[in-house]
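Architecture and fold: a report
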Amino acid sequence: MILKEGSVRGFRAYTAKHLDDLLQRGGFSDEERLRIRAVATVLPFRTNAYVVDQLIDWSAVPDDPIYRLVFPQADMLPEADVTRLAGLLRSGAPNAQIQVAANQIRARLNPHPAGQLDLNVPRLGAEPLPGTQHKYPETVLFFPKQGQTCHAYCTYCFRWAQFIGEPDLKFASDEIGDLVGYLKEHPEVTSVLLTGGDPMIMGEPVLRRYLEPLLEVEQLESIRIGSKSLAYWPQRFVSDPDASDTLRLFASVAEAGKTLAFMAHFSHPREMESPVVEEAVAGILGTGAVIRTQAPLIRSINDEPGLWASMWRRHLTMGMVPYYMFVERDTGPQDYFAVPLARAYEIFRDAYASVSGLCRTVRGPSMSATPGKVCVDGVTEIAGQKVFVLHLIQARDPELVGRPFFARYDPEAVWLTDLRPAFADRFPFEPEAADRLLSA
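Here the structure is a predicted model, which is why all the values come from computation and not from measurement.

The rules behind the values
- Residues numbered from 1 in each chain as written.
- Predicted model: local features only at pLDDT ≥ 70, side-chain atom pairs only at ≥ 80, totals over all residues.
- Heavy atoms only, no water.
- Pairing = 2+ DSSP bridges.
- Helix = DSSP H or I, 4+ residues; strand = E, 2+ residues; numbered from the N terminus.
- Axes fitted to C-alpha atoms, helices over the stretch in contact; angles between N-to-C directions.
- Contact = heavy atoms within 4.5 Å.
- Parallel < 35°, antiparallel > 145°, perpendicular 65-115°, else oblique.
- Left-handed = near helix turned anticlockwise from the far one by under 90°.
- Nonpolar A, V, L, I, M, F, W, Y, C, P; charged D, E, K, R; others polar.
- 1 Å grid on protein atoms, 1.4 Å probe; cavity = no way out; pocket = protein on both sides within 12 Å on 5 of 7 lines; lining within 4 Å.
- Points joined across faces, edges and corners; volume = space filled by probe spheres on them.

1. A few points about the sheet that holds strand β11 (residues 321-327)
Taken in spatial order, the 11 strands of this open sheet run β5-β6-β7-β8-β9-β10-β11-β12-β13-β14-β15, and their pairing is mixed. Only two strands of the sheet have a single neighbouring strand rather than two, namely β5 (132-136) and β15 (404-408). Geometrically, the sheet is characterised by an average inter-axis angle of 30° between neighbouring strands, direction not taken into account. Looking at chain direction, strand β14 (residues 385-395) and β15 are connected through five bridges and run antiparallel. Opposite leucine 390, over in β15, you have phenylalanine 405 as the bridge partner. Set on the sheet, helix α8 (residues 204-215) makes contact with β6 (139-142), β7 (191-194) and β8 (222-227); between it and β7 the angle comes to about 175°.

Structure follows, in C-alpha cells:
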C-alpha cells in the first residue's frame, strides 16, 4: 500500500497533558491557558496531529471553527466554577482535590440524557445487558469495549461521560455473544448500531470479532457504524496498516446480504477539504456500504445555513447521503453551544431551500429526546396562536411515529423540555393526568 502525503507518520494523539503546549500556538496568555486547562479538568480533551496540523487555522484562533470544535473554551462552564478550578491548578493542589471539584461540576451537567441509564436497558433473561441500549423496537445500540474513545473529542459531545474515567458513567461490553443471544430472543430487531466513542478506533482484527457474529443473525437487515473517523483520521481507510483489511471486512457485510451503513459525523465543511477524505470515502463506498452524514447544529461552529448547504452538497458529490441535522443535546455545556429551536429551524429551512432535491434526504432539526427523535417541522400560526409544528421521526412507542403535534412558540426554547403543549394539556408522548397521579 502506498502511503499518501501527510500520512507517512502514524497516528499521534494529544491529551490534556499536551494542552498547555498546544495552546501556545494560539498566542494565549498564561492566565488564559490556565483557565482553559481548568475546563479540561471537567470535560475530556483529546485530539491528534492531523486535526492540529492540517485542519485548524492557528492564525484564526480562538474563532477558528475546528479549534472550537476540539479545544475547550474558558467560558464553556460557569465563571465561578472555572475560577475555582483555575485556583486549584495555580496553587498546585493535589489531583485528588481537583477531581473532587471536577466531579461536583460534572454531576450538574446531566451526564446521561434521555433516561438512557434507566429506560433503554435490555435484559438477557433476568440480567441487564451491559454496554447495550434498546430504545426503539427495531434498533439496538452496542458499545464495543475497545471502541470507547475517539481519534479526537468534540467539545459539544453528548457522550462526554464515556471519556472521563468514571466506570459508573460508561457504557461498554466485549460480550458479543450475549448481544447475539439477545437478538435471537428479539426478532423485531433488524438493525444494530455499533457506537461509542468511535468503533473505528479499533483495529481490524478487533472490529472483526464484533462484526462477524452479527452476520450470522438472520433477521438483521443492517449494521451501522457511528464514526467521526472520516473527519478526524481518514487515514484509517487509506494508509493505516490495516486499511485494506478493514475495507475487505466492510465488503463481507454486503456479501452476507446485509447493509453496512457508515454513519459519518461531519460538523464543518473544512473537515472534507483534505484529498485523503475523498479517497477514504471512495474506499468505503467501494465495499458496497452506504455512508450517511449527520451532525448537531452548534453555536459558534456551524450555525449558518450556508455552511450546512455547502456540507450537504459536498456530501452528495462524494456519494454520501445527507441524513440528520441534530439539536445540541441537554447535557454537558449545552448552554454554551445550544441554538434556540426557532433559530435552528430557520437555519435548517434556509439551507434546505438552497440545495437540490437529491440533498433533501436530510432531516431536522431533530432532538434525540426521551420519547424519541423529535423533529421541528416549522413555525406557524393556528387559530391566532403562534406555534411550533413537530413530529416524532422515531419513538419508543411506534404508534407515535409520524404523528404531528404542536407546542407554544417560545423564541428562547432550546430543548423539548422547554416547550409547552398547544391546543392540548399534554404532548402525545406524555401520560394522561390520571396516569401521572397514579405514578406520583
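That was the structure; now back to the text.
2. Describing the packing of helix α12 (residues 305-317) against helix α14 (residues 341-353)
Two numbers describe how α12 lies on α14: the axes approach to 8 Å, and their chain directions differ by 45°. Looking at the two axes, α12 sits oblique to α14. The two elements α12 and α14 cross, and the hand of that crossing is right-handed. Residue-level inspection shows Pro305, Trp308, Ala309 and Trp312 of α12 in contact with α14, the latter providing Arg343, Ile347, Phe348, Asp350, Ala351 and Tyr352. Residues of the contact of α12 with α14, tallied by class, amount to eight nonpolar, no polar and two charged.

3. Focus on empty space enclosed by the protein
Once rolled over the atoms, a probe with the size of a water molecule shows which space is left empty. Inspection of every chain in the model, using the stated rule, returns two cavities of 30 Å³ or more. Residue lining of the largest cavity: 11 residues in total, with Leu43, Pro44, Tyr153, Cys154 and Thr155 positioned closest to the centre. By residue class, the composition of the lining of the largest cavity is 10 nonpolar, one polar and no charged. One number sums up the size of the second largest cavity: a volume of about 30 Å³. Residue lining of the second largest cavity: Phe266, Thr293, Gln294, Ala295, Trp308, Trp312, His315, Pro322, Tyr323 and Tyr324, and that is the complete set. Residue assignment for the lining of the second largest cavity shows that the elements contributing at least two residues are β10 (290-297), α12 and β11. Split into classes, the residues belonging to the lining of the second largest cavity amount to seven nonpolar, three polar and no charged.

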